[in-house]
2 protein chains.
Amino acid sequence: MINYPLGIKKERSRVHPAQAKSSCNPVEFGKRGMSFESDINATNEYYLAHNIAVVHKKPTPVQIVHVEYPKRSRAKITEAYFREASTTDYSGVYQGHYIDFEAKETSQKQSFPLKNFHKHQIEHMKSVLKQDGIAFVLLHFSERQETYYLSSSFLIKFFEEKHGLKSIPLAVIQEQGILLPQATIPRIPFIDIIHSQLGGDSHS
Amino acid sequence: MINYPLGIKKERSRVHPAQAKSSCNPVEFGKRGMSFESDINATNEYYLAHNIAVVHKKPTPVQIVHVEYPKRSRAKITEAYFREASTTDYSGVYQGHYIDFEAKETSQKQSFPLKNFHKHQIEHMKSVLKQDGIAFVLLHFSERQETYYLSSSFLIKFFEEKHGLKSIPLAVIQEQGILLPQATIPRIPFIDIIHSQLGGDSHS
């Protein structure tokens, strides 16, 4: 099953990321998703501009079937399909350390559905951890306006041991994860958490 | 100017990577490029399978303009265009260290054209180096059947200081870079070089 990436909706509806910031006003479902994604992208831009970290979202994987090469014009892809991502969406570097994460959102209030993560993404997280990479997920509860940092090592354990459950209860995320502070700039300050987990001073 | 990624040709002509291995036999130009790319991909698969490193090629960036959602069928992209990559093609992790590289090929024999690298790729390499990431390029001379490892720090310096030159002379690459050994498995053993540069025992 292919998850249509939120970035596509953005391009189709031509909503500028600045217009799609999260707020307390009711927003359309599609825009809520975009808002979380654009908040992360804005955070990454902030980190890059301030030499704090280099993190990029990987392009949406697309299987290209047919391309036309019109004269005096750029190549046009006329048939293509979304492919399932084989890795996580975000990767980068912070002070030499490899960072790897997936960002997901739910409108549920009391638990986070596991179907947001594919088996091969879990496998990818395992491989990254074996190489001592920093692997985690950012879980956004849109109704609660809360974002949690959860280590991939815990997610993998839960995914494999609790396979009877279809979602992670919020209470478990609150116990095992870290609630990100409500911040303005950057919006999703995940580097603060990595920094303190690496033994640096906590920024909070 | 958009560089049409070699991966596209592969998908269009449906050549299996295993059929496209480099050899001493004369091959079509298109297939030469694919061969180098598929050699790198095969190397990355080898590293992944043997828990040596986790390195992936980023998907080709595509700007999606129109998508059709037929009933009882998967979404079909009917209008899209190639976008210029804002980062390098490959990134990953080796023993906790962030790895970032670009792989390029030339049919020239005595120099490597600088036009293979875009200004924003050079900027990306600078950002990665500021974060103590391991950044380099793999330069493949198809006619010579030689691949060189060249640090991004040298490439950046050359790019900025020697902007009168349109290419890096082979002699400079031979002096500043490292010739990769002709290997069978994996084909492009770049991790050996990183390993020895990090202070580990050289595998050569």
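Since we're looking at a predicted model, the values are computed, not measured.

Before going further, it helps to spend a moment on the environment of A:Asp132. Here A:Asp132 is to be found in the loop between α3 (119-130) and β7 (134-141). Owing to a relative accessible area of 57%, A:Asp132 belongs among the exposed residues under this scheme. Along the backbone, A:Asp132 and A:Arg187 are 55 residues apart, and their C-alpha atoms lie at a distance of 27 Å. When residues no more than four places from it in sequence are discounted, the contact partners of A:Asp132 are B:Gln95 and B:Gly96.

By the definition in use, this model includes 2 cavities of 30 Å³ or more. Of the volumes computed, that of the largest cavity is approximately 50 Å³. Taken together, A:Val54, A:His56, A:Lys57, A:Lys58, A:Ser91, A:Gly92, B:Lys58, B:Ser91, B:Tyr98 and B:His124 make up the full set of residues lining the largest cavity. For the lining of the largest cavity, the elements supplying multiple residues, two or more each, are β1 (54-57) and β4 (90-94) of chain A. Ranked by residue count, the leading element in the lining of the largest cavity is β1(A), at 3 residues. Classifying every residue of the lining of the largest cavity by side-chain character gives 2 nonpolar, 5 polar and 3 charged. Roughly 30 Å³ of volume is contained in the second largest cavity. What lines the second largest cavity is A:Ser127, A:Lys130, A:Gln131, B:Leu48, B:Asn51, B:Ile52, B:Ala53 and B:Val54. Residue composition of the lining of the second largest cavity, by class: 4 nonpolar, 3 polar and 1 charged.

Quick notes on the rules
- Every chain is numbered on its own, with residues counted from 1 as its sequence reads.
- Working convention: letters from A go to chains and numbers from 1 go to ligands, in the order in which they are written.
- In view of the model being predicted, local features appear only for residues whose pLDDT reaches at least 70, and side-chain atom pairs are presented and counted only at 80 or more, with totals across whole chains, interfaces and linings using the full set of residues.
- Derived side-chain values reflect all non-hydrogen atoms in the structure, with water molecules and hydrogen atoms excluded from consideration.
- Strands are runs of DSSP state E lasting at least 2 residues, helices are runs of H or I lasting at least 4, and numbering of each runs from the N terminus.
- Burial classes: relative accessible area under 20% of the type maximum marks a residue as buried, over 50% as exposed, and values in between as partly exposed (1.4 Å probe, protein chains only).
- Here a residue-residue contact requires only that any non-hydrogen atoms of the pair lie within 4.5 Å.
- Using only the protein atoms, space was sampled on a 1 Å grid; points where a 1.4 Å probe fits but cannot get out form cavities, open sets with protein on both sides within 12 Å along at least five of seven lines form pockets, and lining residues are those with an atom within 4 Å of a point.
- Grid points are joined across faces, edges and corners, and a volume is the space filled by probe spheres set on the points.
- Basically, the charged four are Asp, Glu, Lys and Arg, the nonpolar ten are Ala, Val, Leu, Ile, Met, Phe, Trp, Tyr, Cys and Pro, and anything else, Gly included, counts as polar.

Keep in mind that these numbers describe shape and distance, not what the molecule does.
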